[in-house]
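Residue-level structural notes
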Amino acid sequence: MAHLDPAPSAALPPLSAAYDDGAAPRRRPSAAGIVHLGLGNFHRAHQAVYTRAALDAAGAGGAGEAGAGDDAWGIIGVSSRSDTIPTAMKAQDLLYTVVEISPEGESFSVPGVHTDAFVGAAEPERVVASIAAAGTRIVSLTVTENGYFYSPRTGHLAVDDPAIQHDLRTPGRPTTPIGQIVRGLQERARSHGEPVTILSCDNLTDNGHHTERLVKEFAGLLPGPEAAETLAFIEDHVTFPSTMVDRIVPATTDHYRELVAHGLGYADGVPVPAEPFSMWVLEDRFAAGRPAWEAGGAVFSDEVALYEQLKVRLLNGTHSLIAYLGALCGVATISEAVSSGPIEVAARTVLREEYLPSVTAPRGVDLAAYEEQLFVRWRNTALGHRTSQVGTDGSVKLRQRVPAPALSLLDAGTMPHFLALTTAAYLACLAPLKGFDPGPHAAAMVDPARPMLARAAAESATGHDLARRVLRDHHLLGEALAGRDDFIQRTGELLDTIHRHGASAAAAEAGAAAANR
Ligand code: CS2
């Protein structure tokens with residue numbers, strides 16, 4: 001990629017000035033209809049872009065679908081703790097640029113759909129009030145797999161977690177997304193009783209039902225009659241549609257700020273890079289209307305669960321293997337990792353032989369074309385999607401990706417060597433045994449299980465010891481896999497190979513074993 005001089009941003013007009021020359025949408029939403037929890041890059045390059053298309057369609061007279069012709073779908077963006085994005089967005093009239101990156105070049109767009117932005121941790125009462133406002137018709141979430149405060153062992157609300165305990169004891173100042181939602185719903189029930197939709201947009205299987213269960217479990221723990229009142233309101237006035245979201249969105253770097261400065265001629269402190277591909281499949285169960293997101297290509301379907309399973313396994317599951325093997329091979333980006341022969345072979349094998357058997361294609365989806373498209377997307381070198389970003393939060397992500405397909409193969413008498421390799425490569429990155437250095441990209445991975453993993457690694461002499469401690473004793477991949485000694489043994493063996501001979505040798509070993517099964 002051509003080198004660009006650092007942007008002379010001080011000399012450039014701020015993005016807010018883009019209105020005057022028509023680079024930003026002139027038509028802003030007339031009011032806020034959506035409160036979004038998790039004002040990160042993914043939301044800003046996904047839901048916000050679909051919402052812009054819906055507002056444009058409403059401006060053009062609408063298409064006769066639900067929500068068409070309605071422009072009161074502005075989004076109040078709530079960042080969980082960091083003030084970087086809210087502060088920067090407010091300084092530029094709530095605008096930011098989406099930089100679409102393909103090997104052929106970049107294109108720029110400014111969604112301009114937010115009506116406010118603030119930090120939830122700094123203003124907890126305002127989160128509750130925003131969710132409770134009668135004008136709020138959808139509360140959407142991108143809080144990552146790690147933001148739902150559920151026990152990976154049971155799938156139920158992590159009642160003993162100090163943050164959930166805090167939210168149960170402190171009505172007006174919740175800090176967790178589930179606590180914020182329930183307190184907001186409680187307030188709605190008390191004040192006006194208007195219906196609302198809770199819309200999870202995270203990579204969780206059955207994300208709507210999962211969110212509904214956690215919300216109801218939290219509501220059920222409220223004191224005395226509050227529990228019954230809130231649960232009754234939820235039952236009658238709240239829906240939780242499931243969604244499948246898909247767009248690769250790397251972290252913002254100065255490189256993207258420079259691209260905006262040079263390409264668009266404005267200073268944007270918080271642009272969002274994104275791949276050209278984008279997909280959104282939703283159940284059409286909205287309690288109080290919705291924007292005409294189909295104007296941006298969203299698909300309303302009764303097969304969301306199948307789409308979600310396809311995506312979480314084929315895309316996300318394979319992505320994890322590419323990230324951990326890549327990091328162990330010293331590679332910074334997904335595109336570089338998947339272009340290496342042994343990693344591509346491992347990725348294709350896990351996808352075809354270990355994820356594919358457990359998915360059912362939604363109507364009209366060609367699985368061979370889906371696979372090819374994934375490899376094209378992963379090879380998008382211009383994107384700079386980092387192995388450390390995909391490898392982050394593996395303890396929570398792998399629970400969604402590995403156990404179900406692994407168990408169905410194990411139950412059929414087939415060893416899932418590459419799912420064991422995914423687990424082994426994760427452990428090699430996050431729980432290195434004494435004397436093993438997984439390298440800087442593994443060191444950059446953030447994971448809530450790091451303290452437990454470090455203790456387990458310190459107590460273990462071999463890969464097998466470590467796999468046993470983490471999978472069997474700590475149930476890292478859930479209870480069912482905790483009881484599968486064969487899978488744990490295989491993970492331990494592959495982990496020992498990584499320690500002794502490196503990740504490529506372990507991938508070759510898994511490949512040889514898979515060829516013989
Ligand atoms: C990735 C996803 O970080 C990860 O675990 O697999 O963020 C992936 O890029 C998106 O789900 C693509 O839609």
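Computed from a predicted model, the values in this text were never measured in an experiment. (Residues numbered from 1 in each chain as written. Predicted model: local features only at pLDDT ≥ 70, side-chain atom pairs only at ≥ 80, totals over all residues. Heavy atoms only, no water.)

**Concerning the sheet that holds strand 2 (residues 74-79)**
Ordered in space as 5-2-1-6-7-8, the six strands form an open sheet in which the pairing is parallel. Each edge of the open sheet carries a strand with a single partner, namely strand 5 (114-119) and strand 8 (238-239). Bridge count for strand 6 (residues 138-141) against strand 7 (residues 196-200) is four bridges, and the pairing is parallel. Directly across from L141, in strand 7, lies its bridge partner S200. Contacts from helix 2 (residues 47-59) reach strand 1 (32-37), strand 2, strand 5 and strand 6, with the element oriented near 165 degrees to strand 2. Of the strands in this sheet, strand 1, strand 6, strand 7 and strand 8 are in contact with helix 6 (residues 177-191), which crosses strand 7 at around 175 degrees. (Pairing = 2+ DSSP bridges. Helix = DSSP H or I, 4+ residues; strand = E, 2+ residues; numbered from the N terminus. Contact = heavy atoms within 4.5 Å. Axes fitted to C-alpha atoms, helices over the stretch in contact; angles between N-to-C directions.)

**Concerning the side chain of H417**
Looking at where H417 falls in the secondary structure, it is placed in helix 17 (residues 417-430). Here R490 takes part through its side chain, which lies 2.8 Å from a polar atom of the side chain of H417. (Polar contact = N/O pair within 3.5 Å; in protein donor to acceptor, adjacent residues only side chain to side chain.)

**Describing the sheet that holds strand 3 (residues 98-102)**
With mixed pairing, the three strands of this open sheet are ordered in space as 4-3-10. Every interior strand has two partners, whereas the edge strands, strand 4 (105-109) and strand 10 (272-274), have only one. The sheet shows a mean angle of 25 degrees between the axes of neighbouring strands, direction not considered. Both strand 3 and strand 10 contribute to a ladder of three bridges, which runs parallel. Along strand 10, the bridge assignment pairs V99 with P273. Strands in contact with helix 9 (residues 254-264) are strand 3, strand 4 and strand 10; relative to strand 4, the strand with the most contacts, it is inclined by about 80 degrees.

**Some thoughts on the site of the ligand**
Surveying the vicinity of the ligand reveals the residues N203, D246, R247, I248, K311, N316, H319, H385, Q389, V390, K397 and R401. In the model, an oxygen atom of the ligand is placed 2.7 Å from a nitrogen or oxygen of the H319 side chain. Within the side chain of K397, one N or O atom sits 2.9 Å away from an oxygen atom of the ligand. When the ligand sits alone it has 340 Å² of accessible area, and the protein chains cover 89% of it. Broken down by secondary-structure element, the contributors of at least two residues to the shell around the ligand are helix 10 (304-328), helix 14 (387-391) and helix 15 (394-401). (Near = heavy atom within 4 Å. Areas by Shrake-Rupley, 256 points an atom, 1.4 Å probe, with all protein chains shown as cover.)

**Some remarks on the packing of helix 12 (residues 341-355) against helix 13 (residues 367-378)**
Packing of helix 12 against helix 13 leaves a shortest axis separation of 12 Å and a crossing angle of 145 degrees. Helix 12 and helix 13 meet at a crossing whose hand is right-handed. Across from E344, A347, R348, L351 and R352 in helix 12, the residues of helix 13 making contact are E371, E372, L374, F375 and W378. Here the contact of helix 12 with helix 13 is composed, by residue class, of five nonpolar, no polar and five charged. (Left-handed = near helix turned anticlockwise from the far one by under 90°. Nonpolar A, V, L, I, M, F, W, Y, C, P; charged D, E, K, R; others polar.)

**Things to note about the pattern of salt bridges**
Taken as a whole, this structure holds 33 salt bridges when the rule is applied. Residue R126 is joined to E123 by a salt bridge in which the shortest nitrogen-to-oxygen separation is 2.9 Å. Residue classification places E123 among the partly exposed residues on the basis of a relative accessible area of 29%. (Salt bridge = Lys/Arg side-chain N within 4 Å of Asp/Glu carboxyl O. Buried < 20%, exposed > 50% of the residue type's maximum accessible area, 1.4 Å probe, protein only.)

**Some words on the packing of aromatic side chains**
According to the stated counting rule, one finds six aromatic pairs in the structure shown. Where W280 meets W293, the ring centres are 4.5 Å apart and the plane angle is 45 degrees; that geometry is what we call tilted. On the criterion of sequence distance, the pair formed by W280 in strand 11 (residues 279-282) and W293 in the loop between strand 11 and strand 12 (299-300) is long-range, its members being 13 residues apart. Across the pair, exposure class does not vary: W280 and W293 are buried alike. When the centroid spacing of 5.1 Å and the interplanar angle of 80 degrees are considered together, the rings of F375 and W378 count as edge-to-face. Within this pair, F375 and its partner W378 are both found in helix 13, separated by three residues, close to a single helical turn. Overall, F375 belongs to the buried group, its relative accessible area being 0%. Looking at W378, the relative accessible area reads 2%, which means it is buried. Among the aromatic residues, those joined into a cluster by ring pairs are Y50, W280, F286, W293 and F300. Sitting above the plane of the F118 ring, R126 keeps its charged end 4.0 Å from the centroid. The ring of W73 is capped by R137, whose NZ or CZ atom sits 3.9 Å from the centre of that ring. (Phe/Tyr/Trp six-rings, centres within 6.5 Å; stacked < 30°, edge-to-face > 60°. Lys NZ or Arg CZ within 6 Å of the ring centre and 35° of its normal.)

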